[in-house]
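Reading the structure
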Amino acid sequence: EMEAKYTRKMQALRDEMDLRRKTEIHELEERKNTQISELMGNHEEAFGAIKNYYNDITAKNLTLINLLKEQVEDLKKKEAVLEKEKADVLLQNKGLTEPLQEAQEQVAELQKKLVHYSRDKEALMNSKAHLKVTQKELKDLQWEHEVLEQRFSKVQAERDELYQKFTKAINEVQQKTGFKNLLLERKMKALLNLLEQKEVELSEVIANSNLDPSALSLVSHKLEDVLSSKNATIHDLQLQLARVCKAHNDMLQTFEAKLTAFGIPVDNLGFQPLSFPFPGQ
């Protein structure tokens, strides 16, 4: 019974769906036929418009062709007239060729003369202007030459004077610096020798005396104080020596820079300036 029931339902549903499909197909065909009719009408209307457009163009072109044919006939007639006139003009030209050639030759020669005259005139004016400028430049150069000669003489005298002063200063500073360095070195050597001698004497005193440890410690502290004081003195002397050497070397560098600025080679001194090394180098 259920199978028969659903069979009937399926058949009813199938009949309903077939009816709906046929209805939709009929509606679709109606819409398609309507669109086809509209398209055919539009195409016929457009075809008529294009046909009328090209008919108008053809009529205009025929009119234009007829007009151009008439113009061509007129032009041919004018061409014949012009050919006749051309023949007459050629005959006249043959009679005027020789006089025209002679006149052209004369004109060419006169133009050459005119060009040469204008060019020579312009060249003369340019030469005069250039001569004036050159004379002025010559006067300016002569004046500058005299001024430069005076300045050169003055600078040369100043250079010679400066060279003599620097040479004298170098000799004096070298002598003073060498003497001072010698004194400082001798003083340092004497202090070192004295220090060694005092250390030897102290060692002998300590070895020969039977001091108790406290007294020995006191003597050692005093000795260290004395040594510290002497070392500080030695360090101060070394600093003084370094300052003197640096001042001497700076003065040599300045002197060489001045010689270079005045265009004097350092080799022209005639001696080699002594450059002191710093202590410890």
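Looking at an unreviewed UniProt entry, one finds the protein chain named Dynein regulatory complex subunit 4 and attributed to Donacobius atricapilla. Quoted verbatim from the Sequence similarities (unreviewed entry) field of UniProt, the annotation for the protein chain is "Belongs to the DRC4 family."

So, about the overall build of the protein chain. A count of helices and strands for the protein chain gives 2 helices and 0 strands. Relative to its full complement of 281 residues, the protein chain shows a buried share of 9%. Relative to all contacts within the protein chain whose residues are 6 or more apart in sequence, the contacts with residues 24 or more apart total 85%. When the accessible surface of the protein chain is totalled, it reaches about 24300 Å², and 58% of it is carbon and sulfur.

For the rest of this paragraph, the subject is the layout of surface pockets. Each pocket or cavity is described by its volume, and for the largest pocket that value is around 150 Å³. Taken together, 11 residues make up the lining of the largest pocket; nearest its centre are Leu 195, Lys 198, Val 226, Leu 227 and Lys 230. For the lining of the largest pocket, the residue count by class is 7 nonpolar, no polar and 4 charged.

The subject of this paragraph is the environment of Gln 240. Inspection of the secondary structure puts Gln 240 in helix 2 (residues 213-261). The spacing of Gln 240 and Asn 181 is 59 residues in sequence and 9.5 Å in space, taken between C-alpha atoms.

Here we take up the pattern of salt bridges. On inspection of all chains with the given rule, the structure shows 4 salt bridges. Taking the shortest distance from any N to any O, the salt bridge between Asp 140 and Lys 136 comes out at 3.3 Å. One end of the pair is Asp 140 and the other is Lys 136, both in helix 1 (residues 2-208) and 4 residues apart, which spans about a single turn. When its relative accessible area of 34% is taken as the criterion, Asp 140 is described as partly exposed. Overall, Lys 136 belongs to the exposed group, its relative accessible area being 53%.

Ranked by size, the top nonpolar core spans 6 residues in total: Leu 184, Met 188, Ile 234, Leu 237, Leu 241 and Cys 245. When residues of this core are traced back to their parent elements, those giving at least two are helix 1 and helix 2. Here the element with the most residues in this core is helix 2; it accounts for 4 residues. Once you skip the residues sitting within four places of it in the chain, Met 188 turns out to touch Ile 234, Leu 237 and Gln 238.

Taken together, the side chains of Ile 50, Tyr 53 and Tyr 54 define a hydrophobic patch exposed on the protein surface, amounting to about 360 Å² of accessible area. Here Tyr 53 lies in helix 1.

With that settled, the discussion passes to a negative patch on the surface. A grouping of Glu 24, Glu 27, Glu 29 and Glu 30 is seen on the molecular surface, where their side chains present a negatively charged patch. Locating Glu 27 in the fold gives a position in helix 1.

Before going further, it helps to spend a moment on the environment of Thr 233. Among the structural elements, Thr 233 can be located in helix 2. Taking the C-alpha atoms as reference points, Thr 233 and Leu 191, 42 residues apart in sequence, are found 9.3 Å from one another.

Cut-offs used in this document
Residues numbered from 1 in each chain as written. Predicted model: local features only at pLDDT ≥ 70, side-chain atom pairs only at ≥ 80, totals over all residues. Heavy atoms only, no water. UniProt positions renumbered as here; feature names shortened; annotations may be inferred. Helix = DSSP H or I, 4+ residues; strand = E, 2+ residues; numbered from the N terminus. Buried < 20%, exposed > 50% of the residue type's maximum accessible area, 1.4 Å probe, protein only. Contact = heavy atoms within 4.5 Å. Areas by Shrake-Rupley, 256 points an atom, 1.4 Å probe, with all protein chains shown as cover. 1 Å grid on protein atoms, 1.4 Å probe; cavity = no way out; pocket = protein on both sides within 12 Å on 5 of 7 lines; lining within 4 Å. Points joined across faces, edges and corners; volume = space filled by probe spheres on them. Nonpolar A, V, L, I, M, F, W, Y, C, P; charged D, E, K, R; others polar. Salt bridge = Lys/Arg side-chain N within 4 Å of Asp/Glu carboxyl O. Core = buried A, V, L, I, M, F, W, Y, C linked by side-chain atoms within 4.5 Å. Patch = residues over 30% accessible without salt bridge, like charges linked within 9 Å, V, L, I, M, F, W, Y side chains within 5 Å. Lys, Arg positive; Asp, Glu negative; His and termini not counted. Charge placed at Lys NZ, Arg CZ, Asp CG, Glu CD.

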